[in-house]
Amino acid sequence: MEATRPTGVPAGLLAAVGVDLLVDGLLVGLGVTLGRSQGVILTIALTLEVLFLGLSVSAALTKRGAGRVRAAMIPSALGLATAVGAIGGAALLGGASRGVLAAVLAFGAAALLYLVTEELLVEAHEHPETPWTAALFFVGFLGLYALAGL
């Protein structure tokens, strides 16, 4: 008996990714509102996240039988949600008080911490850790701290 691949577009996955990218964009808009260096750090960090998210979505679409062009175009189009969120965040939060900005930033930080502890760390420990992956983790971590000093 031959195994069949599921077909079609995973609408739930794409909706979740779209909302995630919209919130990521909102955080970039908030960062720019707070200051130049905060905006640059958030943009660099979220660009890396969006890159890997796009690759994951593309791989999921390919597994479901989507062609290579379609599997590349859908995540690219979803990436526009980040720009919409950034523009909307800057427009909505441009005149907000420091307290409101701090509350929105705290919510974003809490959501990211939840994601890391609930999802990513669990998945990361499904595979054995190598010295190379541990070194890359610390290089990335220190790199973001170095950017914060700029």
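A brief report on the enclosed structure follows. As the structure is a computational prediction, the values presented were derived from the model and not from experiment.

Moving on: the side chain of Thr 82. Structurally, Thr 82 can be placed in helix α4 (residues 80-93). When neighbours within four sequence positions are excluded, Thr 82 is seen to be in contact with Leu 21, Gly 25 and Val 50.

Moving on, we get to helix α3 (residues 68-78). All of the buried residues in α3 are Ala 71, Ile 74, Pro 75 and Leu 78. Relative to the axis of α3, the buried residues are bounded by an arc of 90° and lie together on one face. Residues of α3 that are exposed and point more than 90 degrees away from the buried face comprise Arg 68, Val 69 and Met 73.

Here the focus is the nonpolar core. Counting residues in each nonpolar core, the largest one holds ten residues, listed as Leu 14, Val 17, Leu 21, Val 57, Leu 61, Ala 66, Ala 71, Ile 74, Leu 78 and Ala 81. Residue assignment for this core shows that the elements contributing at least two residues are α1 (11-34), α2 (36-63) and α3. With seven residues, the next largest nonpolar core counts Leu 27, Val 28, Leu 30 and Leu 93 among its residues.

Procedures and definitions
- Residues numbered from 1 in each chain as written.
- Predicted model: local features only at pLDDT ≥ 70, side-chain atom pairs only at ≥ 80, totals over all residues.
- Heavy atoms only, no water.
- Helix = DSSP H or I, 4+ residues; strand = E, 2+ residues; numbered from the N terminus.
- Contact = heavy atoms within 4.5 Å.
- Buried < 20%, exposed > 50% of the residue type's maximum accessible area, 1.4 Å probe, protein only.
- Arc of directions from axis to C-beta.
- Core = buried A, V, L, I, M, F, W, Y, C linked by side-chain atoms within 4.5 Å.

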